[in-house]
Each structure stands twice: as structure tokens, then as C-alpha cells.
Amino acid sequence: MRLARPAAVAAVAFLAAAVAGTGAVAVAGRAARPAAAPAAAGSVVTIRPGAIHALAGALAAPPTTAFCERQFRIACYRPAQFQRAYNLPRLYRQGITGRGQTIIIVDSFGSPTVQRDLRRFDRATGLPAPPSLKVIQPAGPVPPYQPNSDREGWAGETDLDVEYAHAIAPGASILLVETPTSENEGTTGFPQIVSAEKYVINHHLGGVISQSFSATEQTFPSRPSLLALRGAYIDAARQGVTVLAASGDSGAADVKFNEVTYYLHRVTSWPDSDPLVTAVGGTQLHLAAGGGNVTPATVWNDTFNAPANDFVAGDPGPSPLAGGGGRSVIFARPRFQNGIRGVVGDHRGVPDISMSAACNGAADMYQSFDGQPAGWYPTCGTSEATPEFAGIVALADQVAGHPLGVINGYLYRMLAQHAPGIVDVVSGNNTVSFRQGGRLHTVRGFRARPGYDLASGIGTVNAVRFVPELAQVADHRRSG
């Protein structure tokens, strides 16, 4: 989505305290003691999409890397470059394209032009049309589109989600699940996302759900108010559906419920912190024009990159532009992270895995809804990474012949087995700085290191190896 400011991401607000319900089943184990007091009852909790694109306006054609480097002083990439970077063409030649699978994209409001935008995206980038792109509104009809910052933000988010899930798994069908409101004085909003997700899960409409939104854990009025919203993830675990969520775009920091003020200490967000959800963080790719990796991927952090800040906000920064990661204050360390207890301690650690998200390495996406000029926008954020990984999961579902369900245990087993498909990310960090209250603040994040770390998770993927490895580990665990 396009942002008027780079990290205070345009958002949907809802009042979690108004959501009634019982606590979650004990799938995730005990809760960790909060490191900071939660917001008072009645506080507004914001659910934020995680896509960012330039203030500079639309382009008539998908820009080349050379154009972006010349025009914006940052890199940008087309779908074919991402495919080659993740070694996907070798899978495609084997017929592994996501055929027979359905990727579920969930967004508030959706995009009124998503069908035609995907057609334009495919024609310009040489991608085949998906077998189907269906739009449903199981939680109620979406109000007529009105060009304002909220609706434009979610429309751009939706276009990005659909286009890049398709770019990675071009043979998969896509089901776009739109919900009718982002905020209505606390009585609707995220509860409607839960309702819509329960519908698609319990009607067996797809094998992997991509969510490109999050809320800082500390903004919830209480732990029970958050746990009351987990029903869809519990259903997904029981029904064998994989759920993904973006880890956020503010590095080790994140915003309070006013969407402007940052916490001055490390925080994480939900639903990516949920142990039933796979948290997708961000890397920066360093690609040649053809898509080959010039140097290994690093942790995404554009906080101190003046051209990237100027690209998305019109000033040199610094401002938080980095992949989220850290330790949950809501969830204790789940069993699948016992092998990395030395990194996560007693808490759930995020992210689990990372894909491309950098603004200096942005993804070309197309949009044409009212309120912003129609055309191509280099776009970044973990809202790019999450649908990309949804495409990877769809490929693995095809290889396995069935949806894989909750994959976190498989990922950490692959890490322990030193699976060749996991590409370790060993450089970079998610420390961020920003000006607030007339002062420059720095929130010290986490550095990449060999193995698991709280900046990139287990790393990123070499898809030609990772996809069959994930399918094989999942089938071995099921049969065992």
C-alpha cells in the first residue's frame, strides 16, 4: 500500500476489548509474562497492512532495475527476477507450478480493480493467467469503493498480495477473501476477518492463507482479548490449513495504537507471533538484471538508506524501514522452537522464515483503482514477502498432494537437519532509528547469525530444494 509516512502504516482499527470469547485451546502452550503492561481496556488496537510504495507516482510500464537505480537510486525487480533468484524455473519445468492448489488472500475491503490489475500484471510480465481468481465476501458485503487513504491502502495491499502470490505459484488458483470493514467503533473489524477465515477453512476452500497485516502485541487491552481472536488459527490447525502472517515493517520497534508513536523498546506483533501461524520476515535481495544473486540475501533494513527513505517518504530519514522480529510477550516458547532456546529464551521468537521485502530491491506491482494514478509502482515490505512465501507453500502442497497444515514444526526440523533448501541469512540486523518528540531514538534489534536469528528466522529459500524437502518432511511426520 502507498504510505503518507513510511512506517506508520495506514491501518485498520478495531477495539479488541469488545470481542467476547473464551481463551484459546492449549495448542501453543503456556503464555509468557508480558514484558510491558498492555494498553488499558478500551484502547484502540490497529491492524496494519505491510506494503509500502513510492510517493513519486505511477509508471507506465514495469520499471527495470537499471531504471530504478537511475531514477530512484534504489533497485527494483520484475517477477522473472524473483523467480530466478529463488531458483523457481527448474521447478516450473518439472510441472511444479502450484497446479491444483488454492492460495487464500485475506484483506479488508479488497481492491475494486483486482481482476483487471492482475490481467495487466500478467500481460506485461509474461505470466500466464491463474486457473481462477475468485472474490468472496463471507463476512458481509463490502461497501462501495470510495477513494480515501484507508480504502486506497487496502486496495494497493490487495493488488500486491494477489500479484506476488501468483508470481511465485503461477499455476495455483487464488481466492481473495474481502471483509466489509476495517473499523466500526470496536464492534467489527478484525472479528470479521476471523469470521471470514473460519468460513474458508471450514469449507475447505484452500490450503494456505496469506495475511499481510499485524498489530503490536502491547496494544491489546489484555492477553485474553488477543486470545479470543485466535479461533480461525485453531480451526486451521485442526483442518490442516497453513496460515502465514507478515512480521511487520518497523524492525524491532513498532507503533502504538495511535499509529504514529513508536514504542521505545523492542516489541513484536500479532498474528505473526502466534505459534499456529508462520511468521514471514524480510530480506534484501542483491540481484543482477537477469535475476541471479550477485551476493547473498541480507536482512532487510532500509532505516539508514537515504535514497530508500526519500523514495517512500520524501526525506532522507532515518525512519523504521526493516523487517520485524523479536520475542513475544504473549506466547511462551513453543515446542518447535525448543532447539533454539538459546536464541528465543522462554518466549515465542519471530520471524520463522524470510522472503524479499526491501525497498532497495522493491517489487514491481500494478494498480488502477481510483484515488491514485493507474500504473506501476515499485513496492516493498513484508506484505510482499508473505504472499511470496504463500506461493512457495502452494508449490510444496502440490508436491505432497495435500495441504501441509501448520508447518512451523517442519521448518525447524529442516533447520536441525541442515536441509540444503534453507539459505542461511548471516548479515544484517533490524535495529531502527527515528525522530520522536524532538529526539532521535534507536531501538536496538537483533543481528543475523548462523542458524536461527530474530532478524531473519531460519533464513530464506532455494526453492528447487526447499519445496520437495518441505513436502517430504511433512509427509514423514504425518506417516510417523
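Preceding this paragraph is the structure being described.
Residues numbered from 1 in each chain as written. Predicted model: local features only at pLDDT ≥ 70, side-chain atom pairs only at ≥ 80, totals over all residues. Heavy atoms only, no water.

Colleague: Whenever I open this one, the packing of helix 4 (residues 114–125) against helix 5 (residues 149–168) confuses me. Can you help?
Modeller: The angle between the axes and the distance between the axes are what describe a pair of packed helices. Axis separation between helix 4 and helix 5 bottoms out at 10 Å; the angle between their running directions is 45°. Regarding the angle of helix 4 to helix 5, the classification is oblique. For the pair helix 4 and helix 5, the sense of crossing is right-handed. Touching Val-114, Asp-117, Leu-118, Phe-121 and Asp-122 of helix 4 are Thr-158, Asp-159, Val-162, Glu-163, Tyr-164, His-166 and Ala-167, all from helix 5. Of the residues contributing to the contact of helix 4 with helix 5, the split by class is 6 nonpolar, 2 polar and 4 charged. (Axes fitted to C-alpha atoms, helices over the stretch in contact; angles between N-to-C directions. Helix = DSSP H or I, 4+ residues; strand = E, 2+ residues; numbered from the N terminus. Parallel < 35°, antiparallel > 145°, perpendicular 65-115°, else oblique. Left-handed = near helix turned anticlockwise from the far one by under 90°. Contact = heavy atoms within 4.5 Å. Nonpolar A, V, L, I, M, F, W, Y, C, P; charged D, E, K, R; others polar.)

Colleague: Explain a positive patch on the surface here, please?
Modeller: A cluster of basic side chains, namely Arg-116, Arg-119, Arg-120 and Arg-123, defines a positive patch on the protein surface. A relative accessible area of 46% places Arg-119 in the partly exposed class. (Patch = residues over 30% accessible without salt bridge, like charges linked within 9 Å, V, L, I, M, F, W, Y side chains within 5 Å. Areas by Shrake-Rupley, 256 points an atom, 1.4 Å probe, with all protein chains shown as cover. Salt bridge = Lys/Arg side-chain N within 4 Å of Asp/Glu carboxyl O. Lys, Arg positive; Asp, Glu negative; His and termini not counted. Charge placed at Lys NZ, Arg CZ, Asp CG, Glu CD. Buried < 20%, exposed > 50% of the residue type's maximum accessible area, 1.4 Å probe, protein only.)

Colleague: When you look at unusual backbone geometry in this model, what are you seeing that I'm missing?
Modeller: Most peptide bonds take the trans form, and the phi angle of most residues other than glycine is negative. Residue Pro-271 is reached from Trp-270 by a cis peptide bond, and omega for that bond is 20°. As for its placement among the helices and strands, Pro-271 is situated in the loop between strand 11 (269–270) and strand 12 (278–287). A cis amide bond, omega 5°, links Gly-317 with the succeeding residue Pro-318. Of note, Pro-318 is situated in the loop between helix 9 (306–313) and strand 14 (326–332). In this structure, His-204 is a non-glycine residue whose phi angle is positive, near 55°. Structurally, the position occupied by His-204 is in the loop between helix 6 (190–202) and strand 8 (208–211).

Colleague: I'm lost on the nonpolar core in this one. Help?
Modeller: In a soluble, globular protein the nonpolar side chains are often hidden away together inside. Counting 91 residues, the largest nonpolar core has Leu-88, Ile-103, Phe-389, Ile-392, Tyr-452 and Phe-466 as its most contacted members. Once you skip the residues sitting within four places of it in the chain, Phe-466 turns out to touch Ile-353, Phe-389, Ile-392, Leu-411, Met-414, Gly-421, Ile-422 and Val-461. Formed by 33 residues, the second largest nonpolar core is a distinct cluster that contains Leu-175, Ala-196, Ile-234 and Ile-330. (Core = buried A, V, L, I, M, F, W, Y, C linked by side-chain atoms within 4.5 Å.)

Fair warning: the whole summary comes from geometry, so function is off the table for now.
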